[in-house]
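# Coordinate analysis (summary)
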Amino acid sequence: MAHINSDHLRTFLAIHDAGSVTGGAARIGRSQSAASLQIRQLEDVIGQPLFRRHGRGVSLTPAGEKLRPVARHVIQSLDTTLSELRGGGLKGKLRIGMPDDHDRSDLANIISSFAALHPDVELEVHCALGSGFAAALKSGALDLAVYEVPEPGKDDIVLRQDHLVWMCGRDHDVSALDILPVAVFDHDCWWRDLALSGLDEAGRPYQVVFTSESATGVRAAVQAGIAAGLLSVSEDPEAFRPLEGLNTRHPTYLVLQKARDASGPVCEAMCEAIRDAFAS
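Residues numbered from 1 in each chain as written. Predicted model: local features only at pLDDT ≥ 70, side-chain atom pairs only at ≥ 80, totals over all residues. Heavy atoms only, no water.

### What about the state of the cysteines?
Joining two cysteines, a disulfide is a covalent bond between their sulfur atoms. One pass over the structure, following the stated rule, counts zero disulfides. Free of any disulfide, C267 has its nearest cysteine sulfur in C271, 4.3 Å distant. On the basis of relative accessible area, C267 is assigned to the buried category, the value being 2%. (Disulfide = S-S within 2.5 Å. Buried < 20%, exposed > 50% of the residue type's maximum accessible area, 1.4 Å probe, protein only.)

In structure tokens:
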């Protein structure tokens, strides 16, 4: 009788979380060919394909979607059991801030895996726009925070560098309009300030027609054709395209920051888990 191998499930989850075979293989320290072989073996056992291949990576088939929550539960249960059997696990409390947008899924998976491996650690996770995280770290309301900044500080751990560019919906060109409709965050933050000051400097007439608490809302408005928006250059090219006439690229950094008094094995273990995940 055929059985599902837990190593194959780890590879399956790593590829799904990374969005590509190459990225998933790097996360688990395997070669691309070895990871591909494990997926083929898993698909042979199940009798159905688990991934659809496309130009930008992979996505789950219906069979893959059905397997995903089961695989996550199995792997977390195995990791938790191993930690309990070994004994001497980490104990304590950690308060973490993470952005409430497209990075949330990756970070949630990292935190979920950490919680399964260290069940005696109490994790308090705050999902919000990152504009308030620096103050929360300074006041001691948070121990760690992951969010976007225009320039990293000397003590920041840079997880990823990206660029912001003006985007419009793939099927909605608003660049020819005399007054450019724009979507921005609904309160003061560096991303909103960068967007509006950049338009002022370029001498481009504009009108704010959509505001949102998160990048997810801005992204949705741009894709729907309501407005243009300052978005990541790595956005899905099937949904977005650069806006003609505004070609400036603005650097942005996803960073991990610690509160001044945050230390100890729990804090360091979480920092290491986040660093390792993004390094892969």
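Back to the text.
### A word on the nonpolar core
Grouped together as the largest cluster of nonpolar side chains are 32 residues, with contacts concentrated most on M270 and I274. Breaking this core down by element, the ones donating at least two residues are β3 (92-99), α5 (104-117), α6 (133-139), β5 (144-149), β11 (250-258) and α9 (265-279). With seven residues, α9 is the single largest residue contributor to this core. Residues contacting M270, with those up to four places away along its chain left out, are L94, I96, I111, F114, L123 and L144. Within the second largest apolar cluster, 18 residues are counted, among which are L164, V174, L180 and A228. (Core = buried A, V, L, I, M, F, W, Y, C linked by side-chain atoms within 4.5 Å. Helix = DSSP H or I, 4+ residues; strand = E, 2+ residues; numbered from the N terminus. Contact = heavy atoms within 4.5 Å.)

### Side note on the packing of helix α1 (residues 6-18) against helix α3 (residues 32-46)
It is at 9 Å that the axes of α1 and α3 come closest, and there the two elements cross at 115°. The pairing of α1 with α3 is recorded here as roughly perpendicular in orientation. Handedness of the α1/α3 crossing: left-handed. From α1, D7, H8, L9, T11, F12 and I15 reach across to α3, where they touch A35, Q38, I39, Q41 and L42. Counted by class, the contact of α1 with α3 contains six nonpolar, four polar and one charged residues. (Axes fitted to C-alpha atoms, helices over the stretch in contact; angles between N-to-C directions. Parallel < 35°, antiparallel > 145°, perpendicular 65-115°, else oblique. Left-handed = near helix turned anticlockwise from the far one by under 90°. Nonpolar A, V, L, I, M, F, W, Y, C, P; charged D, E, K, R; others polar.)

Everything listed is a geometric property; what it means functionally is a separate question.
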